[in-house]
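Architecture and fold: a report
Read off the chains here:
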Amino acid sequence: MRLKIFLLLGTAVLFASPALDITVHEGTSMSVTAAPDGSLLATDLQGSLWTLPASGGPAHRITGLYDDARQPAFSPNSQTLAYFAFREGHYAIWTIRRDGTNERRLTWGPYDDREPAWSHDGKQLAFASDRSGSYNIWTLDLASGTLHQITRGANENRMPAFSPSVEEIAYTSTRENGRAIWATTLKTASERALHTAPTAITALAWGPSGQIVYHTVSHQDLNNKPLTADENAAPFRVSWVSATEFFYTADGHIRRRSTTAPEAQTIDFTATLAVNNTRYKQRLRDTDSIAPRQALGIVHPTLSPDGKTLAFHALGDIYLMPLGGAPRNLTKDAAYDTDPAWSPDGKHLVYASDKNGGLLQLWLRDVATNQDRKLTNLTTQPLAPAWSPDGARIAFLNVNEMWGAASLDILDLASGKTTKLHDTIFAPGAPTWSPDGKHIALAALSANSKSFREGTNQILVVDSDGPANNEHWYTPAPNLSIDSRLGCGPAWSPDGTQMAAIYEGTLAVWPVSPTGEPQGPIRHLTTEIAHDPAWSADSQQILYQANDKIRLLSLNTAAPRDIPVNLKYTPAIPKGRTIIHAGQLVDGKSPTARAGMDVVMEGNRIRTVAPHSAALHKTGTLIDATNLTAMPGLIEYHTHLQKDQGAAGRRAALAFGVTTLRSPGGGPYEAAEDREANEAGIRPGPRVFASGYMLDWERTYYKGAVAISTPRHFEMELERTRSLQHDLVKSYVRLPDIQQKRAVEFAHGIGIPVASHELYPAALVGVDSIEHTGATSRRGYSPKIGPQQRSYEDVIQIVGKSNSILCPMIIGAGVQKLIATNPALPNDPRFNLYPAWVRAQLQSPGGRGGGRGAPGTSGAGKMVLDARKAGARIVAGTDTPNAFNLHGELASYSLAGMSPYEALKAATVTPAEALGLDAGTIEPGKLADIILVEGNPLEDLANALRVRQVIANGKIYTLKDLLGN
């Protein structure tokens, strides 16, 4: 072990690790700028600025490891670099001297400022910023610090470049489908279109002679003619050094080219980065104990109108509990029963359930008689029901697309008619009524721009009797987000005077008008973390969750009181002896199948694996699989469990052969409930490994993410992970690198891994798994993969030498191949377990609603194979709630060049090792996770899709069992 000391923001940071230095000669998604005096180049390799001689050579890092510094630009006097960096949750414009001294932040505020460009006299910087509500071009006067907005309007204007005369600024624009370069005159603010290209323009540079070189697709163009047609050019500005010459990056290299010459000169460089082979004691799942366990997954607790009883969802069912009493299971079935809501008179509960088969619908329970009545028969899935104050209507989210996208609908109880109140919104929060019944409020995503999808969670109010799609947006706390749209409010007080929500991790309230308009600032009521606020009928108390506690806070007292929930469950482990007589056995240890094998299971463990013997069949239950192949159950390493799919979605996963799944991102209490309902044997499905919220910073996108606002809030979120016993931490797109380092320290300290989209410095601080070859990045481009889905030596060496777990998710081409070779596949009855929108995706390009990264000899597939050869551990995941896609992922690995044996290990052996799970192979002592399929998947990988029977944790399911409920 070597001790490495790094400087961070002027403070010595001690980082002890088994660090390994790697030297790279290529960079992925790096830009380059040349000093006008011809002496020096600067690049932004993997989030740090580096300088090197213009002729090439070793690169020297001049910025910190945790800055995410991007797209440097040299000043006209060659002494200073401008760049943008992500240090505190936003991108800001910075400058630094070429020797790494005098680092200065130039722009401030809760905005993203990007892509700085110098004026030719060195007096101004132009940059793109979302501070006006969309991306526009701004200038900064360096002497006075004054900002000026240059462009205006709803168009997204980016990548500024000064004209040679400094009279105009050119930029890319979303006008004309992004194919045009526009310019604004600085004195008059008049605009003109400079050039239109056949395809979208991503970057431009205005040369000293007036020529504009711009990037489209994967090359740099001049006058609609590619200058770099046979190269894979990175999507950044070129750096002019004369009237005809410029530097740029392509094929992982720095290059110099003339507009008048056919050949480019490659500038060789080396850069040394450190990676970390992380070592810590991993917490292992107890899969054998049957000792009772406390239920932690208490979902959506809500107080009865008389204030005496709680209703909540836990262990697959709806429970009622008198305050101070014992929980009583109200529904007691194998269905997914969730989201209970009290009628105003306290006599009924409405909840969502998929009882009696099918998918989720709304049900009404008479609390006194225990009689149920089905309220809806929709082709979509209703969730989050909320009663109108007069008890005549129920508002709900009608989920009709992926990731919780839903319309806001109203059910009239007297007529049974459902009316759409608002068209589909991306993953909105639960509705809450005004006391007069005229308005419904919910949390919805307010994007900061159209260029980037992230934004803040704000209040959307809809008039309940008004025209469809009427809406009013309110921001109770400027530039601050409600923490999440899942479980964080708002909740309208029954007297109509206040709303409650979770801000900065804690319970907050603010005064509102009868229409929901904020009438004052938010006021924090707790200092501890809070979740899912619910008012008492008299508006004097608020119920909320705090880690593993439920608390009731009176607005007139200082301290809340605990509401204990003594709810335990016993892990369901089958008893007895079972023998599988398999025609063939694929054990996960050998690239060849063995014929005529007997697998003996006792409880949930495999006891023996031996050649067929009649003596082994004398006692126990026999599964005759003489015409089938036994193989390890599949492990889906990256999906996101969806509430709207209910119990049927979990059975569908089993039916496609998935016996364990990992869900990196979702509601914190839903994650615990999914794990516990499976462990207790209440809801059939794969074994669940899950995180809570995806950890974002200030801005967010998905409903299952949290917009963290302060370091203190961050620590509270981490502590909730410990309290609810989550299996991993998910660091998401806008979590600053230094906070990601803290997440690793915390998670490894309690024995659980960290997953991230990030590559570096993630691989230095010990992030365990890198999710996606590409996917979402706060930069607008991926540091892991560039145009044409290509990665270079830096990415391969970082992932490989750190021995990282890499979950590629390159599904598209594999799904297409499976469907092309089996046209009847979309009619497979297993898909009937999914909502209609999942089935519709099978007909879409890629078969999954936008499959990422087609495999191939030069694209993402090559990256996967290169990383594997370098030492990365490849695990199969899909980032979709459709288990069929896991087979598409494996098919994509096959198309990229993996053997069927190697591909199958990515969904069995390797993810089991990564999870610390006794599974992934069929051998004595391992968990009994086995699927029986037709054909030999080692000969044809598609045979793994032909599942006929499933054994999950020793429990046996036939396809009829899984399809028939």
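Summarised in this report is the structure supplied together with it. (Residues numbered from 1 in each chain as written. Predicted model: local features only at pLDDT ≥ 70, side-chain atom pairs only at ≥ 80, totals over all residues. Heavy atoms only, no water.)

What follows concerns the pairing of strand E15 (residues 136–141). Of all the 6 residues making up E15, 5 are buried; the element is thus mostly covered by neighbouring parts of the structure. In the sheet, strand E14 (residues 124–129) pairs with E15 via 6 bridges, with the strands oriented antiparallel. If you follow Ser129 over to E15, its bridge partner there is Asn136. Once E14 ends, the chain turns through 6 residues before running back antiparallel as E15, passing Gly133 with a positive phi of about 100 degrees. When E15 meets strand E16 (residues 147–149), the two strands line up antiparallel, connected through 3 bridges. Directly across from Thr139, in E16, lies its bridge partner His148. The antiparallel hairpin formed by E15 and E16 contains 5 residues in its connecting segment, where Gly145 sits at a positive phi of about 80 degrees. (Buried < 20%, exposed > 50% of the residue type's maximum accessible area, 1.4 Å probe, protein only. Helix = DSSP H or I, 4+ residues; strand = E, 2+ residues; numbered from the N terminus. Pairing = 2+ DSSP bridges.)

Next up on the list: the pattern of salt bridges. Enumeration according to the criterion identifies 58 salt bridges in this entry. Here Lys355 ties to Asp372 by a salt bridge, and the two come within 3.0 Å at their closest N and O atoms. Taken together, the positions of Lys355 in the loop between strand E36 (348–353) and strand E37 (361–366) and Asp372 in strand E38 (residues 372–374) put the pair 17 residues apart, joining distant regions of the chain. By relative accessible area, which is 12% here, Lys355 ends up buried. Asp372 sits in the partly exposed class, given a relative accessible area of 27%. Among the ionic contacts, a cluster of salt bridges with common partners joins Asp68, Arg70, Asp737, Glu758, Arg778 and Arg779. (Salt bridge = Lys/Arg side-chain N within 4 Å of Asp/Glu carboxyl O.)

Before going further, it helps to spend a moment on the nonpolar core. Ranked by size, the top nonpolar core spans 148 residues in total, and within it Leu41, Ile254, Tyr503, Tyr760, Phe884 and Tyr893 carry the most contacts. Setting aside residues up to four positions removed in sequence, Phe884 forms contacts with Phe656, Val815, Leu818, Ile819, Leu825, Phe831, Leu842 and Leu945. Core analysis: the second largest hydrophobic core is formed by 30 residues, Ile394, Ala406, Ile425 and Leu460 among them. (Core = buried A, V, L, I, M, F, W, Y, C linked by side-chain atoms within 4.5 Å. Contact = heavy atoms within 4.5 Å.)

So, on to the sheet that holds strand E11 (residues 91–97). Across the sheet, which stays open at both edges, the 4 strands sit in the order E9-E10-E11-E12 with antiparallel pairing between neighbours. The two strands at the open ends of the sheet, each matched to only one other strand, are strand E9 (70–74) and strand E12 (104–105). In this sheet, strand E10 (residues 80–86) lies alongside E9 in antiparallel orientation, the contact comprising 3 bridges. If you follow Ala73 over to E10, its bridge partner there is Ala82.

Per the stated rule, a full pass over the model turns up 17 aromatic pairs. For the pair Phe236 and Tyr781, a centre-to-centre distance of 4.8 Å together with 75 degrees between the ring planes defines the contact as edge-to-face. Here Phe236, found in the loop between strand E24 (225–226) and strand E25 (239–240), pairs with Tyr781, found in the loop between strand E67 (769–771) and helix H6 (793–801); they are 545 residues apart in sequence, far enough to count as distant. Take Phe236 and Tyr781: they sit in the same class, and that class is buried. Taking 5.9 Å as the distance between ring centres and 70 degrees as the angle between the ring planes, the aromatic pair formed by Trp697 and Phe714 counts as edge-to-face. Separated by 17 residues along the polypeptide, Trp697 in strand E63 (residues 694–697) and Phe714 in helix H3 (residues 711–723) bring together distant segments of the chain. You'll find Trp697 and Phe714 in the same group, each marked buried. A cation over an aromatic ring shows up here: Arg175 above the ring of Trp182, its NZ or CZ 3.9 Å from the ring centre. One cation-aromatic arrangement involves Lys355 over Trp363; the distance from NZ or CZ to the ring centre is 5.5 Å. (Phe/Tyr/Trp six-rings, centres within 6.5 Å; stacked < 30°, edge-to-face > 60°. Lys NZ or Arg CZ within 6 Å of the ring centre and 35° of its normal.)

Turning next to the pairing of strand E40 (residues 393–399). For E40, the tally of buried residues reaches 7 of 7 residues, placing the bulk of the element in the interior. The two faces of E40 match: Arg393, Ala395, Leu397 and Val399 on one face and Ile394, Phe396 and Asn398 on the other face are all buried. Pairing between strand E39 (residues 381–387) and E40: 5 bridges, direction antiparallel. Residue Ala386 lies in a different strand from E40, and its bridge partner there is Ala395. Counting the residues in the hairpin turn of E39 and E40 gives 5 residues, including Gly391, whose phi is positive at 75 degrees. As defined by bridge partners, E40 adjoins strand E41 (residues 406–412) across 7 bridges and the pair is classed as antiparallel. Bridging from a neighbouring strand, Ala395 pairs with Ile410 of E41. Taken together, E40 and the strand that follows it, E41, pair antiparallel across an intervening segment of 6 residues, in which Trp403 is found at a positive phi of about 60 degrees.

None of the figures reported here should be taken as evidence of function without further support.
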